[in-house]
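Listed below, chain by chain, are the residues.
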Amino acid sequence: MRVLVVGGGPGGLYAALLLRRRHASAHIVLHERNRADDTFGWGVVLSDQTVANLRAADPVSADAIAEGLHHWDDIEVHVRGRTVRSGGHGFSGVGRQHLLALLQRRCIALGVDLHFEHETAADLAAVIRGKGYDLVVAADGVNSRIRAQYAATFRPDVDLRLCRYTWLGTPRRFDAFTFAFTETPHGWFQVHAYQFDDSMSTFIVETPSDTWERAGLDRMSDVDSRAFCARLFAPVLGDAPLLSNAPHVPGPAQWIRFPRIVCAEWVHHLDDGGRRVPLVLLGDAAHTAHFSIGSGTKLALEDAIALDATLAAAPGDVAGALARYQAGRSVEVLKLQNAARNSTEWFEHVDRYAKLDPQQFAYSLLTRSQRISHENLRERDAEYVRAFERWFAERAGADSPNGDTPPPALLTPYTVRGVTLPNRVVVSPMAQYSALPDGMTTDWHFVHLGARAAGGAGLVMTEMTCVAPDARITPWCTGLWNEAHRDAWARIVRFAHEHTSARIGLQVGHAGAKGATKKMWDGVDEPLPAGAWPLIAASETQYLAGVSQVARAMTREEMDRVREEFVRATRLGAEAGFDWLELHAAHGYLLSSFLSPLTNRRVDGYGGSLEARARYPLEVFRAMRAAWPVERPMSVRISAHDWAEGGNTGDEAVAIARLFREVGADMIDVSAGQVVKDEQPVYGRMWQTPFADRVRQEAGIATIAVGAISDADQANGIIASGRADLVAVGRPHLVSPAWLLSEAARLGYPDTERLWPVQYQAGKRQLERLMERERATQAAAASGPPRGELV
């Protein structure tokens, strides 16, 4: 077996030594265009899990690496004159130059043929011609020339991120991985610092590109740039200098924009005189993940381990092995890149989170990727989490009967206007399609909402309740346009108030162009075969092209009528005793159709700019707010992203939220999509929470997070980090009306007696005993990401 490895970084060297170690007769050649002792960067971070993987793959080099590791457990956050420290994270630093040297020695000892100052990538086909290579491994880094040369096959997607960073070193020794944040007249700067040997630390300074320009760093020399950074971070550096890898390079200092790289394919075939020679990407040549969650070196080393293992598992089937290598590693890389995207965006928008108290700022940083959860943090540092929970509970006005055991953020009360919710969980509005044809609720709604009110949630929301017969999605949707409807709803409200601790909210809306359809389980969004009513929307619209009824554009007279229908429903809802009112202006329904440029093509005063598109929804909201009791809160559900070209994005969501805040909205219920049928949403765990986070921080209004929030651990992290004020949980409540009570027992949360109906207290005690046994059984099982990942 003859293999050419292009690239002498850690990934390329490690791939070469593993292949040679496993195949003693193999001829492994490595070409590197730089000198053997050249290095870029200072130290690299390896997780405890990665170190264990290295030991399993090659104990000899692992022993050598272990001797050079500097290990620590703590993360320390410096912001606004405060320091917050959390332990139990477990990772190590190692000097990049030291790592390269020992991997080179191991390669030489195994018989790998190393060639430095050897340019290969410029014409790879010519280099391999006639050499009989069976495989070429391209490990030539983030600026891979091979990837560029065969871009038509690899189809790389390169996203240059918003921040710039400079990679420096310092003799200042840090006893924890250190994040430091400093505000300047130009904007925020941050540091990622960690010790990697007995005397040196990596010191990465990062800032958004526009801040970098305003500070004049684009014109500074390397010496002046380092002096600027040393002054900026003197509180953490002390008198220690900042050092550069390239202090004498002419021109401005090197401040780099990080490229997020994803390749659609990792394998190409070269032609060697009629022989097809496979070429495979490895490490940064194939993918990148932002340094804020660890190290690209970690990914490259693990790529090398996987490549060696898949080749060994299929002797003689190189093509099949490479396919399995790409399939397996691309999934793992995608997981890490998703976490890295969240982390990257957090650091790109430090100004959003700097408004938080330092305690919550640090918690938000630790959980920024959504891979480390509240309970993961508790496993790492229980005392840190207990202190944070105590701080959060005191701010929320929560009492703690057990004194030393504060409630988690999820179980703290929340007060808005004159309404106090006993906890932060909302039962999402979920259409049941079970009303009578005249819009009247039935016993199904009484049981459905009553059971969930008894299940512990702080706020239970009705399904979208329609303000007129022609405002319904289906003939089986609930309505609120007469006193009979009011009285039927009042029965449900009374039950919630008299028998549960929950508050109950009314969501009202108008289906617009998405009306007159079948029940969801009979054909979602499909038009009724008979009995349909005329539809209206902001502009002429057909939701399902060629299938749905065409909704016509509303006239001003119809706008007046519909506004008054919303006001009538508002008054009836207040008389029924609802605690909370929500206006549905999302998901392509009538008011949403005004907000989105994809569905609003009006040329009058209600179309065009965002302010004009929002004019009618704001008019409706103002009229409702005037009719709704002043002591009761109102929220608005919006689609924060249309997931379609030319539609609203997060930028518009912030602007829309500000407009509703200015006319009296107390909270924004942040959903996304369902505005047009050809949308292309990006799904995932808690996938809409980043929109709630952004709206909360930038629009200055409380938010409800919704979307694939499936357990209390996730919900706790969202509330504790300040990403939202409430969490709406939908489908899990369909499975278990007592979702919150079950989750609280599962995680061992204290003091939930007040949420349990007295009739169910015996079940509470049994459930807690069962869950306690289950937790004991699972105590040894790993959960969350490995210690040592900065995610």
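In this text, all values refer to a predicted model and were calculated from it rather than measured experimentally. In this convention, every chain numbers its residues from 1, walking through the sequence in written order. Given that the model is predicted, a residue must reach a pLDDT of at least 70 before its local features are reported, and side-chain atom pairs must reach 80 or more before they are shown or counted; all residues, however, enter totals for whole chains, interfaces and linings. Processing note: side-chain calculations cover all non-hydrogen atoms of the structure and skip hydrogens and water entirely.

Novice: Help me understand helix H9 (residues 222–232), please; the structure alone is not making it clear to me.
Specialist: Along an α-helix, residues three or four apart share an orientation, since each turn contains 3.6 residues. With a 1.4 Å probe rolled over the protein chains alone, any residue whose accessible area is under 20% of its type maximum counts as buried; one over 50% counts as exposed, and the rest are partly exposed. Elements are defined by DSSP. Helices are runs of H or I of four residues or more, strands are runs of E of two residues or more, and each kind is numbered from the N terminus. Among the residues making up H9, those that are buried are Asp-222, Ser-225, Arg-226, Phe-228, Cys-229 and Leu-232. End-on, the buried residues of H9 take up no more than an arc of 155°, which puts them together on one face. The criterion used for residue contact is that any of the two residues' heavy atoms lie within 4.5 Å. In the core, the buried residues of H9 are packed alongside strand S10 (156–170), strand S11 (177–184), strand S12 (187–195), strand S13 (201–208) and helix H10 (234–237). Here, the arc refers to the directions that run from the helix axis to the C-beta atoms.

Novice: Could you clarify how one ought to interpret the sheet that holds strand S6 (residues 82–86) in this entry?
Specialist: Whenever strands of a sheet pair, they do so through backbone hydrogen bonds, lying parallel or antiparallel. Spatial strand order, S6-S5-S11-S12-S13-S10-S14: seven strands in an open sheet with mixed pairing. Among the strands making up the open sheet, the edge pair consists of S6 and strand S14 (256–263). When the angles between neighbouring strand axes are averaged without regard to direction, this sheet yields 25°. Any two strands with at least two DSSP-identified bridges between them are counted as paired. Both strand S5 (residues 75–79) and S6 contribute to a ladder of five bridges, which runs antiparallel. Each bridged residue has a counterpart across the sheet, and for Ile-75 the counterpart in S6 is Ser-86. To define axes, lines are fitted to C-alpha atoms, for helices over the stretch in contact only, and angles between the resulting N-to-C directions are given on a 0 to 180 degree scale. Each of S10, S11, S12, S13 and S14 is contacted by helix H12 (residues 318–348), which is oriented at about 65° to S10, the strand it contacts most.

Novice: Honestly, the packing of aromatic side chains in this entry has me stumped. Any pointers?
Specialist: We describe a pair of aromatic rings using the distance from one ring centre to the other and the angle between the two ring planes. For Phe, Tyr and Trp, where Trp contributes only its six-membered ring, two rings pair if their centres lie within 6.5 Å, and the inter-plane angle classes them as stacked under 30 degrees, edge-to-face over 60, or tilted in between. All chains considered together, the criterion is met by 32 aromatic pairs. On the basis of an interplanar angle of 55° and a centroid distance of 5.3 Å, the ring pair of Trp-346 and Phe-361 is categorised as tilted. Of this pair, Trp-346 sits in helix H12 while Phe-361 sits in helix H14 (residues 358–366), placing them 15 residues apart in sequence. Taking relative accessible area as the criterion, Trp-346 reaches 2% and is therefore assigned buried. A relative accessible area of 1% places Phe-361 in the buried class. A connected cluster of aromatic rings, assembled from ring pairs, spans Trp-72, Phe-91, Phe-177, Phe-179, Phe-181, Tyr-194, Trp-346, Phe-347, Tyr-353 and Phe-361.

Novice: Teacher, can you tell me more about the environment of Ile-719 here?
Specialist: Note on placement: Ile-719 falls in helix H26 (residues 712–720). For Ile-719, a relative accessible area of 1% corresponds to the buried category. Here the alpha-carbon distance between Ile-719 and Leu-590, two residues 129 residues apart in the chain, equals 31 Å. In contact with Ile-719, not counting residues within four places along its chain, are Gln-360, Phe-392, Ala-409, Leu-410, Arg-424, Ala-724, Asp-725, Leu-726 and Val-727.

Novice: I would appreciate a short explanation of the layout of surface pockets in the present structure.
Specialist: It is the rolling of a water-molecule-sized probe over the atoms that shows where space remains empty. Counted as a void, the second largest pocket has a volume near 1400 Å³. Lining residues are those with an atom within 4 Å of a point, where the points come from a 1 Å grid over the protein atoms alone and group into cavities, where a 1.4 Å probe fits but cannot get out, or pockets, open sets with protein on both sides within 12 Å along at least five of seven lines. In this structure, the second largest pocket is lined by 46 residues; those nearest its centre are Pro-429, Met-520, His-587, Gln-674 and Arg-731. Only helix H19 (520–523), strand S29 (726–729) and helix H27 (731–735) provide two or more residues apiece to the lining of the second largest pocket. Per element, the largest residue contribution to the lining of the second largest pocket is three residues, and it comes from H27. Throughout this entry, Asp, Glu, Lys and Arg are counted as charged residues, while Ala, Val, Leu, Ile, Met, Phe, Trp, Tyr, Cys and Pro are counted as nonpolar. The remaining residues, Gly among them, count as polar. Looking at the lining of the second largest pocket residue by residue, the classes come out as 24 nonpolar, 14 polar and eight charged. Grid points are joined across faces, edges and corners, and a volume is the space filled by probe spheres set on the points.

Novice: Teacher, can you tell me more about the packing of helix H2 (residues 48–57) against helix H11 (residues 296–313) here?
Specialist: Where H2 meets H11, the axes come as close as 11 Å, and the angle between the chain directions of the two elements is 30°. Overall, the two elements H2 and H11 adopt an arrangement that is roughly parallel. The interaxial crossing formed by H2 with H11 has left-handed handedness. Across the interface between the two elements, Thr-50, Asn-53, Leu-54 and Ala-57 of H2 pack against Lys-298, Leu-301, Glu-302 and Ile-305 of H11. For the contact of H2 with H11, the residue count by class is four nonpolar, two polar and two charged. In these notes the angle categories are as follows: under 35 degrees is roughly parallel, over 145 is roughly antiparallel, 65 to 115 is roughly perpendicular, and the rest is oblique. Crossing handedness is defined as follows: a turn of the near helix away from the far one that is anticlockwise and smaller than a right angle gives a left-handed crossing, while the clockwise case is right-handed.

Novice: I would appreciate a short explanation of the state of the cysteines in the present structure.
Specialist: Here a disulfide denotes a covalent bond joining the sulfur atom of one cysteine to the sulfur atom of another. For the purposes of this analysis, a disulfide is any pair of cysteine sulfur atoms at a distance within 2.5 Å. Inspection of the entire model under this criterion finds zero disulfides. Of the cysteine sulfurs around Cys-163, a residue in no disulfide, the closest is that of Cys-229, at 13 Å. Among the residues examined, Cys-163 registers a relative accessible area of 4% and is labelled buried. Free cysteine: Cys-477, not disulfide-bonded; nearest cysteine sulfur from Cys-466 at 5.0 Å.

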